[in-house]
Amino acid sequence: MKKKSSKKKTANKIPPKPQGQKQAYSIFKDERIKFISGLLLTGFAVYLLFAFIAYLFWWKSDQSFDTSQVISGAEIEVKNWSGKSGAWFADIFIRQGFGLAAFFIPVIFAATGLRMLNLTRIRAGIISRNMVLGTIIFSIALGYVFGSAGGLFSSGPGGTHGYEVSRWLNSFIGKLGTGILVGVLLVSYMVMVFRISPAGIKSFLTGFNNGAKNDPDLSVINEDDSPDNYDKNDYNDDAADPEFSIINSLEDEAVEEFQDTPSVKGSIINDLEDGGSEKQIKGKDVSISITRAEGGEELSENEMKRLQENYDPTLDLSSFKMPVLSLLEDYRSDGAFDDKEILEKKETIVKTLSDYNIDIKHISATVGPTVTLYEVVPERGVRLAKIKSLENDIALSLSAFGIRIIAPIPGRGTVGIEVPNKSPETVSMRSLIASKAFQESKYDLAIAMGRTITNDPLIMDLAKMPHLLVAGATGQGKSVGLNVIIASLLYRRHPAELKFVLVDPKMVELTMYARIERHYLAKLPDSEDPIITDTQKVVYTLNSLCIEMENRYELLRKAECRIIKEYNEKFKARKLNPEKGHRFLPYIVLIIDEFADLIMTAGKEIEGPIQRLAQLARAIGIHLIIATQRPSANIITGIIKTNFPARLAFRVSSSIDSRTILDQTGAEKLVGRGDMLYYNGNNTIRAQCAFIDTPEINRVTEYIGSQQGYTDAFFLPEYEGDTDNGIQDIDLKKRDSKFEEAARLVVTHQQGSTSLIQRKLSLGYNRAGRIVDQLEFAGILGPFEGSKAREVLIQDMERLEQILRSIE
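Report on the accompanying structure. If you're wondering where the values come from, they're calculated on a predicted model, not measured in any experiment.

With mixed pairing, nine strands are arranged side by side in an open sheet as β9-β8-β17-β16-β15-β10-β14-β13-β11. Pairing within the sheet leaves two strands with one partner each, and these edge strands are β9 (457–461) and β11 (498–503). With strand direction ignored, the average angle separating the axes of adjacent strands in the sheet is 30°. Bridge count for strand β13 (residues 587–592) against strand β14 (residues 622–628) is five bridges, and the pairing is parallel.

Rendered as structure tokens:
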């Protein structure tokens, strides 16, 4: 069954009005609202049914009460089982409405209610359509036949509707025309409801006429004449052909004649529509039962609509509201920039260059929040290396720290001289979040990092980086930069779409994010603290992420997708079956605040999984952000740098550190306080990092944490250490009930992973892990080997069965 392609989603925006409209619309998708509505409709259907039945007995006595006192007048009593309101409803629907045909109405409410409860696969749309048409048609038919006969109903069995419509039709086309019209409507309704095709009717009539002409004994057996109503002795068990049933109501001679004739085998299929309708033809020699098989279950209109709607991963937290802009401060400039400063520095630059016989054609200035870029166009024949060598002389003449010369500026044909402003501006996080560039960005993981020298917002896409290396000396803005990255992602992604794994060896930098544990954080199942500070826990978490990476790649392989974005779009379009293990995959961002400390304490245990994740995890939505204040070669190794093409450098202490992080000098000449260089693998951009203070972070996390969240953090796959503690204590006589099934599973697949047992046997991770330990103790699986699957020691099922028999 083909599904309609879903419309592309527009860019995420924060204006309150569209967001409010989305929240209002999401109420009607809430499964709880649907369930409650289904209960109400089903209960109302039962209530109406009893009201209608009681009306048949006590309509006359209950008709005398004043309908205006349905709500008031508690002293008034009626005999109807459903009370005054039931008597009132029955009077409206039966006497004033459709007469006896009104009994179709409770069926409509019941079918709709049961469908909303998802307790049955009732085709509510088809039933409702048929019942509505039946109510109208049968009301008219009863009104035409019985008119306004007295007695049970003053308006007749067809109700006021049937009586008035038939009366109008009588005057319009006459009683004969009305009778023909009513007959046509009834036959058409029966054909539609019982799904009888014209070809079936034609073949039925043709067969009846031909049989009647050729054989007087050939007739269509009615329901009462079916073989089930004959005595068992009427069947001849000695028939020559078991495919035919011989009915002994025929003469004995005819039976004998049939037995003497050669049997003819075959099958007869008529053109009746799906529905299991059956007819039998009784001939002189044989009776044949002709049955049209069911065509298979069909989906209702509501089920079709539900399948055509895209899956929305945010429905679990449909009431979640993204952080508002008012939580952030709107910092103003620390000082007003004066054009006089530009003119003075321009004259100083020109004079310094002329002292070294360097003539200038033109000079232009671009004022940024922290640095002003002076673009110099030298005269023909001037060597750029000569200008580059004057970097310190220009800094001395300007009495400024942080002069940086770009000779030439790529693609511009000019020489750039970056000079810090005397009064730098503070770039507020609020101004970047509210910027059009950020709000209309199509990036999957957009980060509003700061403003460039040209005062343009620096918007980066973490999904395209795909990993980021951050370095900077103490107090130069590195920790603030990490907070800016986290805040940007919190303002763009719903908790269902993004999870953070936060590693903070210093134990103080990322603690404020513990408030959003149930919304945005991921951790190991047995971990109590959502912010990882213990080195051993970091090792376990990194290896757990490697397992998650392998599991995700397995899902992508089965879905025939290359990247997470393609996989999630396929899952949203309901092209992947959750019963086969498929699930929506949120982005996972691993942030390590002080990488150098981890390398010193854990070494290869940290570096190994980091390298694996950096090399492989980009396609399945796991991205790494590693920060360090000591970017030395033994910390930022060549393998790590190769897989981190995006680098972010705040001011460092030496040019060697600058070369380590950026592969070029320049970071040592930054002015600090958020002044940074961003290297994206091609170009180096100087920018001022946005500023977000601790109180702002607290307000954002409190705003998120105060809302309804998930029951717990996002659990990563459980990781077992290299120790064998507990393996020797396993008693196979108390083995798991799924032990033998799991043993056959791992030998069949020759793969000894916990996730395989969990997925195939529909078990929890802890139980699957215990079964793996038992399999190891039994000699079926090898020992634990980090993030790799265990080795399967048994190669054939015969050997496995011997082991299973020996431990019984």
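This next bit is on the pairing of strand β8 (residues 446–452). Within β8, seven of the seven residues are buried, leaving the element largely enclosed by the surrounding structure. Note that β8 and β9 share five bridges and pair antiparallel. Bridge pairing in β9 links Ala446 to Asp461. Connecting β8 to the next strand, β9, in antiparallel fashion are four residues, including Asn455 with a positive phi near 70°. Summarising the sheet, β8 and strand β17 (residues 684–689) pair through three bridges and their orientation is antiparallel. Bridge assignment links Gly450 to a residue of β17, and that residue is Cys689.

With five of five residues buried, strand β16 (residues 675–679) is to be regarded as a mostly interior element. Across the two faces of β16 the burial is the same, with Asp675, Leu677 and Tyr679 and Met676 and Tyr678 all buried. Sheet topology note: the strand β15 (residues 646–649)/β16 ladder contains three bridges and is antiparallel. Among the inter-strand pairings, Ala649 is bridged to a residue of β16, identified as Leu677. Where β16 meets β17, five bridges bridge the pair, whose relative direction is antiparallel. Among the inter-strand pairings, Tyr679 is bridged to a residue of β17, identified as Thr684. Linking β16 back to β17 in an antiparallel pair, the connection comprises four residues, with Gly681 at a positive phi of about 100°.

The sheet built from four strands is open, its strands ordered β4-β5-β7-β6 with antiparallel pairing. Edge positions in the open sheet fall to β4 (360–367) and β6 (404–406), since each of these has one partner strand only. When the angles between neighbouring strand axes are averaged without regard to direction, this sheet yields 20°. Pairing between β6 and strand β7 (residues 415–420): three bridges, direction antiparallel. Its bridge partner being in β7, Arg404 is matched across the sheet by Glu418.

A separate point is the packing of helix α24 (residues 739–749) against helix α27 (residues 797–806). It is at 10 Å that the axes of α24 and α27 come closest, and there the two elements cross at 160°. Between α24 and α27, the angle is such that the two are roughly antiparallel. Viewed along their axes, α24 and α27 form a crossing whose handedness is right-handed. Contacts from Phe739, Glu740, Ala743, Arg744, Val747 and Thr748 in α24 reach Met797, Leu800, Glu801 and Leu804 in α27. Of the residues contributing to the contact of α24 with α27, the split by class is six nonpolar, one polar and three charged.

Parameters and conventions
All residue numbers refer to positions counted from 1 along the written sequence of the respective chain. Side-chain atom pairs in this predicted model are given and counted only at pLDDT of 80 or more, local residue features only at pLDDT of at least 70, and totals for whole chains, interfaces and linings cover all residues. Here the side-chain values reflect all heavy atoms present in the structure, with hydrogen atoms and water set aside. At least two bridges found by DSSP between two strands is the condition for calling them paired. Strands here are runs of E lasting at least two residues and helices are runs of H or I lasting at least four, both read from the DSSP assignment and numbered beginning at the N terminus. Here the axes come from fitting lines to C-alpha atoms, over the contacting stretch only for helices, and the angles between their N-to-C directions go from 0 to 180 degrees. A simple rule labels every residue: compare its accessible area, found with a 1.4 Å probe on the protein chains alone, to the largest value its type can have, and call it buried under 20%, exposed over 50%, or partly exposed in between. Angles below 35 degrees are treated as roughly parallel, those above 145 as roughly antiparallel, those between 65 and 115 as roughly perpendicular, and all remaining angles as oblique. Working rule for handedness: look at the near helix, and if it is turned counterclockwise from the far one by less than a right angle, call the crossing left-handed; if clockwise, right-handed. Only heavy atoms matter for contacts: two residues are in contact if any of them lie within 4.5 Å across the pair. Under the convention adopted here, Pro, Cys and the residues Ala, Val, Leu, Ile, Met, Phe, Trp and Tyr are nonpolar, Asp, Glu, Lys and Arg are charged, and Gly plus all remaining residues are polar.

Distances and angles like these do not, on their own, reveal function.
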